[in-house]
Amino acid sequence: MHARTPELAIPVSADDHAQGSRSATVTLVEYGDYQCPACGMAYPGIKRLQRGFGKSLRFVFRNFPLTEAHPLARPAAELAEAASLLHQFWPMHDWLYENQDAWTAYGTEGLEAGLRQVGLDESEVAQILRRPGIDARIRADFMGGVRSGVNGTPCFFLDGYRVDGGVADLEYAIAERTNES
Amino acid sequence: MNILPAGSIAPDFTLHSTPDQTVSLSEFRGRNVILAFYPADWSPVCGDQLALYNELLEEFAKHDAQLLAISVDGAWSHAALSRDRKYHFPLLSDFEPKGAVARQYGVYDEKGGVAGRALFVIDGDGVIRWSYLSPMGVNPGADGILKALENLGASQRKAG
């Protein structure tokens, strides 16, 4: 790896949203924005990598909403964080990316449709959304990203090192690391 | 032409921020200023450097720092871009004579005829405390700016 490659400022911890085992060979961290079209396009690629590398790959998602460019990015991130407190982070996360074109066209109504489709209780979610911890969590993710040199979304880190480029570059880098071990 | 290094006096300038308003660097004496030179308006959104800075204005304000972005685009282009992207900081137009301010700071790209992607952190006395020229296609992010502002704050506290 290049010596000047930015490093992940906040190490992956138990507080992160993670899929896969802690003992996985490789950990991939994405800083993403739910309304960002480029993140939406990367989503199926990430799923493919997860299927392909199986237990060797752990995937972590962190919030990086560009709220002025994408006015629905923060409400969407809040919804996913609320879902997380109901142990439904990944279903909500996946729904947001799989249906990005649809809900972004309908604004907050689109998001409400999403929480119903994921099977969350609307009043329960509304209550959770009033907790200050949700915003703090999203902001903490965002600032950690900024300190790691994240400059746009999606931004990927492989075992703490930044990988620029698309899913194909990630696949190559992951394969290299899993073959080494 | 080399980018002005830390320790240099920041050359003063007066540039249009809108078709009928101007902004001078000297207006910000006593406060910190972040100058962000960038090549062109209307670059793609998702990887947009200015969209990132737009999210960090509160963070910059904590360091008593005002962000000023500068390109050679005209004031009308800036006005349209600012409205479209909901930027909450001035975009200054280094338009006539073209790139004169970018040249003074040593960051004009002669080949492209645009400002390079350069960052400066200037203290309240008008002294450059940190500067960085990013490769043209690389969005430099904001961690360098935040580190420079933190170092500035630490040295100011020491001096005070």
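Residues numbered from 1 in each chain as written. Chains lettered and ligands numbered in written order. Predicted model: local features only at pLDDT ≥ 70, side-chain atom pairs only at ≥ 80, totals over all residues. Heavy atoms only, no water.

Chemist: Is there a simple way to explain the packing of helix α3 (residues 89-98) of chain A against helix α4 (residues 100-118) of chain A in this structure?
Modeler: Angle between the axes and distance between the axes are the two parameters that describe a pair of packed helices. All names here are of chain A. Running from amino to carboxyl end, α3 crosses α4 at an angle of 150°, the nearest separation of the two axes being 10 Å. Judged by the angle between their axes, α3 and α4 are roughly antiparallel. Like other packed secondary-structure pairs, α3 and α4 cross with a definite hand, here right-handed. For the pair α3 and α4, the contacting residues are Pro91, Met92, Trp95, Leu96, Tyr97 and Glu98 in the first and Gln100, Trp103, Gly110, Leu111, Ala113, Gly114, Leu115, Gln117 and Val118 in the second. (Axes fitted to C-alpha atoms, helices over the stretch in contact; angles between N-to-C directions. Helix = DSSP H or I, 4+ residues; strand = E, 2+ residues; numbered from the N terminus. Parallel < 35°, antiparallel > 145°, perpendicular 65-115°, else oblique. Left-handed = near helix turned anticlockwise from the far one by under 90°. Contact = heavy atoms within 4.5 Å.)

Chemist: Got a minute to help me understand the side chain of B:Asp73 in this structure?
Modeler: Residues and elements named next belong to chain B. When you line up the elements, Asp73 lands in the loop between β4 (65-71) and α3 (75-85). One buried charge, Asp73, has no salt-bridge partner; the nearest side chain with opposite charge is Lys98, at 9.0 Å. In terms of polar contacts, Asp73 uses its side chain to reach the backbone amide nitrogen of Asp41, at 2.9 Å. (Buried < 20%, exposed > 50% of the residue type's maximum accessible area, 1.4 Å probe, protein only. Lys, Arg positive; Asp, Glu negative; His and termini not counted. Salt bridge = Lys/Arg side-chain N within 4 Å of Asp/Glu carboxyl O. Polar contact = N/O pair within 3.5 Å; in protein donor to acceptor, adjacent residues only side chain to side chain.)

Chemist: Whenever I open this one, the interface of chain B and chain A confuses me. Can you help?
Modeler: How big an interface is tends to be stated in terms of accessible area lost as the parts join. On the side of chain A, 21 residues touch chain B, which itself brings 21 residues to the contact. Taken together, the two surfaces of chain B and chain A that pack against each other cover about 1600 Å², and 53% of this comes from carbon and sulfur. Applying the counting criterion to the chain B and chain A interface returns two salt bridges. The partner of A:Arg147 in a salt bridge is B:Glu150, and the shortest N-O contact between them spans 2.7 Å. Viewed at the interface, chain A and chain B are joined by seven residue pairs in polar contact (both at pLDDT 80 or more). Put simply, the parts of the chain that give the side of chain B that touches chain A at least two residues each are α1 (49-54) and α5 (143-159) of chain B. Split into classes, the residues belonging to the side of chain B that touches chain A amount to eight nonpolar, five polar and eight charged. (Buried area = accessible area lost by both parts, 1.4 Å probe. Nonpolar A, V, L, I, M, F, W, Y, C, P; charged D, E, K, R; others polar.)

Chemist: Please clarify how the pattern of salt bridges should be interpreted in this entry.
Modeler: A side chain of one charge can pair with a side chain of the opposite charge if their charged atoms are brought near each other. Residues and elements named next belong to chain A. For the coordinates displayed, the defined rule picks out 16 salt bridges over all chains. Glu81 is the salt-bridge partner of Arg137, the closest N and O atoms lying 3.9 Å from each other. Note that Arg137 is positioned in helix α6 (residues 132-147) and Glu81 in helix α2 (residues 73-85), a separation of 56 residues in sequence. Note on Arg137: relative accessible area 21%, which makes it partly exposed.

Chemist: When you look at the packing of aromatic side chains in this model, what are you seeing that I'm missing?
Modeler: The way to describe two aromatic rings as a pair is by their centre distance and the angle between their planes. All names here are of chain B. Scanning all chains against the criterion turns up 17 aromatic pairs over all chains. Arranged with centres 6.3 Å apart and planes meeting at 65°, the rings of Phe13 and Tyr105 form a pair that is edge-to-face. Of this pair, Phe13 sits in the segment before β1 (14-18) while Tyr105 sits in the loop between α4 (100-104) and β6 (108-109); the two residues are 92 residues apart in sequence, bridging distant segments of the chain. For Phe13, a relative accessible area of 4% translates into the label buried. (Phe/Tyr/Trp six-rings, centres within 6.5 Å; stacked < 30°, edge-to-face > 60°.)

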